[in-house]
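The lines below spell out each chain.
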Amino acid sequence: MVELSSIVILGISAQWLAWKSRVPAILPLIIIGLIVGPLSQYWLGEKLIDPMNEGGGEGEGLFLSETMFSFVSLAIGVILFEGGLTLKFKEFKSVGSSILRLVSVGSLITFVGGGLAAHYICALDWQMAFLFSALIIVTGPTVIAPILRNVPLTRNVATVLKWEGILIDPIGALSAVLVFGFISVSHTGGLFEMSLEVLWTFMEVLLVGVAFGVTSAHFLRLMIKNELIP
């Protein structure tokens, strides 16, 4: 309970610092996380906050295995849902082509360029290099939104960056999952069959996600329109 309370308090403090200093919230969040985590372990011999409780007994710790995965998934869902509510389709009409190029061609350039750079500059093997490049496709609303609030940009540029920051999140996440799937099957037999299975699983996730998202959004719209919810 102490760990959970500390995380909430430090998270709110980081948001306040970000607002006061006019920097993206992710920056003070990372710094505070490093201070109470790995840096405190380096200085003091143990972490000030250790929700994983790596040194504890079996079953101990606030975030372990499936609990951690579920918590992170829920947090990402809330962030993207909140960001999605700020998007307006009338904005898309004027700069839609730029947004589509950024999330398609831009993602591909980042994926290929990042993989090559990670391999030749950081000396990572090809598999880890392209897993890394898939992860850095994401820019994210938590970084872009605070910058847009504090940097004076023309309306069209701000709109493009806002849409790209939100739409690129699921693209980067799915790309990383797909690359990780191929890496996993590359160490087993029947590479072709396993690769087809990975692609099919990927398409299943995509189709189910889109279908569920569209259905839920339509249902929510009807409820709001008919004043069934505030």
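How each quantity is defined
- Here the residue index of a chain counts from 1 through its sequence in written order.
- It should be noted that, the model being predicted, local features are given only for residues of pLDDT at least 70 and side-chain atom pairs only at 80 or more, the latter also being counted only at that level, while totals for whole chains, interfaces and linings use all residues.
- Here the side-chain values reflect all heavy atoms present in the structure, with hydrogen atoms and water set aside.
- Note on ring pairs: Phe, Tyr and Trp rings are taken, using the six-membered ring of Trp, and paired if centres are within 6.5 Å. Classes follow the plane angle, with under 30 degrees stacked, over 60 edge-to-face and the rest tilted.
- In this description a helix means any DSSP run of H or I spanning at least four residues, a strand means any run of E spanning at least two, and both kinds are numbered starting from the N terminus.
- Categorising residues by exposure relies on relative accessible area from a 1.4 Å probe, with only protein chains included: less than 20% of the type maximum marks a residue as buried, more than 50% marks it as exposed, and the intermediate range marks it as partly exposed.
- What we call a nonpolar core is a set of buried Ala, Val, Leu, Ile, Met, Phe, Trp, Tyr and Cys residues that are connected through their side-chain atoms within 4.5 Å.
- Note on contacts: a residue pair is in contact if any heavy atoms of the two residues lie within 4.5 Å.
- For salt bridges, the criterion is a side-chain nitrogen of Lys or Arg within 4 Å of an Asp or Glu carboxyl oxygen.
- Working rule for helices: expected span equals 1.5 Å times residues minus one.
- We call two N or O atoms a polar contact when they sit within 3.5 Å, provided that within protein one can donate a hydrogen and the other can accept it, with sequence-adjacent residues counted only if both atoms are side-chain atoms.
- Patch rule: a residue counts if its relative accessible area is over 30% and it has no salt bridge; like charges are joined within 9 Å, and nonpolar side chains (Val, Leu, Ile, Met, Phe, Trp, Tyr) within 5 Å.
- Here the accessible surface of atoms and residues is derived via Shrake-Rupley with a 1.4 Å probe, and residues count as covered only by protein chains that are part of the display.

*Asks:* Explain the packing of aromatic side chains residue by residue, including any values.
*Replies:* Applying the stated criterion across every chain yields a total of five aromatic pairs. An angle of 45° between the planes, with centres 5.1 Å apart, marks the rings of Phe92 and Trp163 as tilted. In this pair, Phe92 is assigned in helix α4 (residues 89–120) and Trp163 in helix α7 (residues 155–185), connecting sequence segments 71 residues apart. The exposure class of Phe92 is partly exposed, given its relative accessible area of 25%. A relative accessible area of 4% places Trp163 in the buried class.

*Asks:* Residues and numbers for the nonpolar core, please.
*Replies:* The biggest cluster of nonpolar side chains holds six residues, and these are Leu87, Val95, Ile99, Val160, Trp163 and Ile166. Those elements giving two or more residues to this core turn out to be α4 and α7. The element contributing the most residues to this core is α7, with three residues. In this structure Leu87 touches Lys162, Trp163 and Ile166, once residues within four positions along its chain are discounted.

*Asks:* Residues and numbers for the pattern of salt bridges, please.
*Replies:* For the coordinates displayed, the defined rule picks out one salt bridge. The salt bridge partner of Lys162 is Glu91, with a shortest N-O separation of 3.1 Å. Within this pair, whereas Lys162 is found in helix α7, its partner Glu91 is found in helix α4, the two being separated by 71 residues in sequence. Exposure remark for Lys162: the relative accessible area of 22% places this residue in the partly exposed category.

*Asks:* Just give me the short version of helix α2 (residues 26–44), but keep the residues and values in it.
*Replies:* Its 19 residues place the ends of α2 25 Å apart at the C-alpha level, agreeing with the 27 Å of an ideal helix rising 1.5 Å per residue. If you check which residues of α2 are buried, you get Pro28, Ile32, Val36, Gly37 and Ser40. Of the surrounding elements, those touching the buried residues of α2 are α1 (2–21).

*Asks:* Break down the side chain of His119 for me, with residues and values.
*Replies:* Along the chain, His119 falls in helix α4. A polar contact is formed between the side chain of His119 and the backbone oxygen of Leu124, at a distance of 2.8 Å. Beyond its immediate chain neighbours, meaning those up to four positions away, His119 contacts Leu124, Asp125, Trp126 and Ala129.

*Asks:* Please provide a residue-by-residue account of the environment of Ile147, values included.
*Replies:* By the secondary structure assignment, Ile147 is in helix α6 (residues 141–150). On the basis of relative accessible area, Ile147 is assigned to the partly exposed category, the value being 35%. Taking C-alpha positions, Ile147 is 10.0 Å from Lys162, a pair spaced 15 residues apart along the chain.

*Asks:* Kindly report on a nonpolar patch on the surface, identifying the contributing residues and their values.
*Replies:* On the surface, Ile26, Leu27, Leu29, Ile30, Ile31, Leu34, Ile35, Leu39, Tyr42, Trp43, Leu44 and Leu48 cluster together into a nonpolar patch covering about 1,200 Å² of accessible area. Looking at the secondary structure, you find Ile31 in helix α2. Overall, the relative accessible area of 43% leaves Ile31 in the partly exposed class.

*Asks:* Provide a residue-level description of the side chain of Ser107, including the pertinent values.
*Replies:* Mapped onto the elements of the fold, Ser107 is located in helix α4. Looking at Ser107, its side chain comes within polar contact range of the main-chain oxygen of Val103, at 2.8 Å. If we skip the residues at most four places from it in the chain, Ser107 touches Leu102, Ile137, Ile168 and Ile171.

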